[in-house]
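As a plain string of letters, each chain reads:
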Amino acid sequence: MENSMNNEKQNKPDRSTAHRLLLDSIYVALFAAVITVCSQIQIPLGPVPFTLQTLGIFTAAGLLGTKRGTLSTVIYVLLGAVGVPVFAGFSGGIGILTGATGGYIIGFIFTALATGLMSDIFGKKLWSLAVGMVAGLLICYIFGTTWFIIVSNSSGNTMDIMTALGYCVFPFLIPDAVKIVAAVVLVNRLGKILKI
């Protein structure tokens, strides 16, 4: 009898574990929504619009860490891939991901990974958050710009590295630096308040 009661206890999920899973799910969904909202705040600057997407991703990954922050970003990308209008300008669909700027959207996943890893390893210190966000942004730039060049050249437009950087990176350096500063401060302050 005692053995069967012990087995029953072992098979039931611990309340604190269930509570943690529920909270994690809520945070992941909430930050996927935050990234979506940030995506709609945009200024067209040529082929690649200026948006606040990376601010949302930096904040999600910095606060939630590698697993949950990256999962929020993956959900955002998957929602857009299946046609939900979550990308900039209320767009969506696989055509956006396979288009010239799709590499930057895929690159957001690596941005979240780098930012989340630094947050997990070193905590929400200002320097570690900044290093993680800069590293993640550089990976996104490399991935997205390479993709942009490949897609542009395959569609008959001659695109070299300097022209691509002129379209896709140089105009965004200062705005992205401002977003990193804002995200570092947000994560540092919110991390102390929310204890996520």
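Residues numbered from 1 in each chain as written. Predicted model: local features only at pLDDT ≥ 70, side-chain atom pairs only at ≥ 80, totals over all residues. Heavy atoms only, no water.

A. Highlighting the packing of aromatic side chains. All chains considered together, the criterion is met by five aromatic pairs. Chaining the aromatic ring pairs together yields one cluster made of Phe110, Phe143 and Trp147. (Phe/Tyr/Trp six-rings, centres within 6.5 Å; stacked < 30°, edge-to-face > 60°.)

B. The nonpolar core, seen in detail. Ranked by internal contacts, the top residues of the largest apolar core, which has 43 residues, are Tyr76, Tyr104 and Met133. Contributing elements (two or more residues each) for this core: helix 2 (15–40), helix 3 (53–81), helix 5 (102–122), helix 6 (126–154), helix 7 (161–168) and helix 8 (173–194). Per-element tally for this core: the top contributor is helix 3, with 10 residues. Leave out the neighbours within four places in its chain, and Met133 touches Phe58, Thr115, Ile180, Ala183, Val184 and Val187. (Core = buried A, V, L, I, M, F, W, Y, C linked by side-chain atoms within 4.5 Å. Buried < 20%, exposed > 50% of the residue type's maximum accessible area, 1.4 Å probe, protein only. Helix = DSSP H or I, 4+ residues; strand = E, 2+ residues; numbered from the N terminus. Contact = heavy atoms within 4.5 Å.)

C. The arrangement of the packing of helix 3 against helix 5 in detail. Where helix 3 meets helix 5, the closest approach of the two axes is 7 Å, and the angle between their N-to-C directions is 110°. The orientation of helix 3 with respect to helix 5, classified from their angle, is roughly perpendicular. (Axes fitted to C-alpha atoms, helices over the stretch in contact; angles between N-to-C directions. Parallel < 35°, antiparallel > 145°, perpendicular 65-115°, else oblique.)

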